[in-house]
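If you want the building blocks of each chain, they are given just below.
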Amino acid sequence: MTRRIGALIVLLAMTLLPAAAGAYWDYELQLALMDDELPVIVGTLNQRMATRTGPATEYPEPGTFLAKGDSVRIISVAFDENDVPWVQVDLRAGSKHMRVYTGFKRIADVELDSIPREFSYGIECRLTQDYEPMCGPGTNYSAYSYTLRKGRAVIVQDYENGYAMCDFYSKSDDRWNRVWIPEWALD
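Residues numbered from 1 in each chain as written. Predicted model: local features only at pLDDT ≥ 70, side-chain atom pairs only at ≥ 80, totals over all residues. Heavy atoms only, no water.

Engineer: Give a detailed account of the sheet that holds strand β7 (residues 107–108), specifying residues and quantitative values.
Structural biologist: On the basis of which strands lie adjacent, the open sheet formed by 5 strands has the order β6-β5-β4-β1-β7 and antiparallel pairing. At either end of the open sheet lies a strand with only one pairing partner, and these are β6 (96–103) and β7. The sheet contact formed by strand β1 (residues 41–45) and β7 spans 2 bridges and is antiparallel. Looking at the pairing, L45 lines up with I107 of β7. (Pairing = 2+ DSSP bridges. Helix = DSSP H or I, 4+ residues; strand = E, 2+ residues; numbered from the N terminus.)

Right, here's the structure in full:
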């Protein structure tokens, strides 16, 4: 209850600020404050943000976003096989959002221990129908430009907002991919 009241106060304050104060993360902060499960952690980039779809170089690069000095909302941290920390961030991409990973080395002003560590269920599932995967846990996130076919095996890493964060290996490009699929589309 107290968290919801605090969120309402912040939302009210955000609407009263001049437009120039509407930094990138203000919208993200509003979304985060409405979500009781995710803490609000905002970091400042110390360089442009190169990204991956998952927490290692084995995942595809969706692009380089934002500039040095921009703020970004941090969701979690995961470590690759070499114990390199990768942070999952939520950013706006056009009219939608996406979740991507970037090396923790690109984030200033945040202690690594203050970021929640990702949990991995590691459950193998199959798609119950063809599905165009999402870039995050909801319809307000962009969809990827490909379709995963019914029967496709995926490994569920985590769940959020009725969606499963899933990894799958693509033989065609010889790399892992991380996507979001609604729970109802998995066996």
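Moving on from the coordinates now.
Engineer: I'd like a description of the nonpolar core, backed by residues and values.
Structural biologist: Proteins that are soluble and globular tend to have nonpolar side chains buried together. Residues I181 and L186 are the most contacted members of the largest nonpolar core, which totals 37 residues. Within the residue set of this core, elements represented by two or more residues are β1, β4 (71–79), β5 (85–93), β6, β9 (153–160), β10 (163–170) and β11 (175–182). Per-element tally for this core: the top contributor is β10, with 5 residues. I181 has contacts with L127, Y131, P133, L148, V154, Y163, A164, C166 and L186, leaving out every residue within four places of it along the chain. (Core = buried A, V, L, I, M, F, W, Y, C linked by side-chain atoms within 4.5 Å. Buried < 20%, exposed > 50% of the residue type's maximum accessible area, 1.4 Å probe, protein only. Contact = heavy atoms within 4.5 Å.)

Engineer: I'd love a proper account of the packing of aromatic side chains, names of residues and values included.
Structural biologist: Applying the stated criterion across every chain yields a total of 6 aromatic pairs. Aromatic pair Y121 and Y159: ring centres 5.3 Å apart, planes at 65°, arrangement edge-to-face. In this pair, Y121 sits in the loop between β7 and β8 (123–126) while Y159 sits in strand β9, placing the two residues 38 residues apart along the sequence. Considering the side-chain rings of Y146 and F168, the 6.3 Å spacing of their centres and the 70° angle between planes classify their relative orientation as edge-to-face. (Phe/Tyr/Trp six-rings, centres within 6.5 Å; stacked < 30°, edge-to-face > 60°.)

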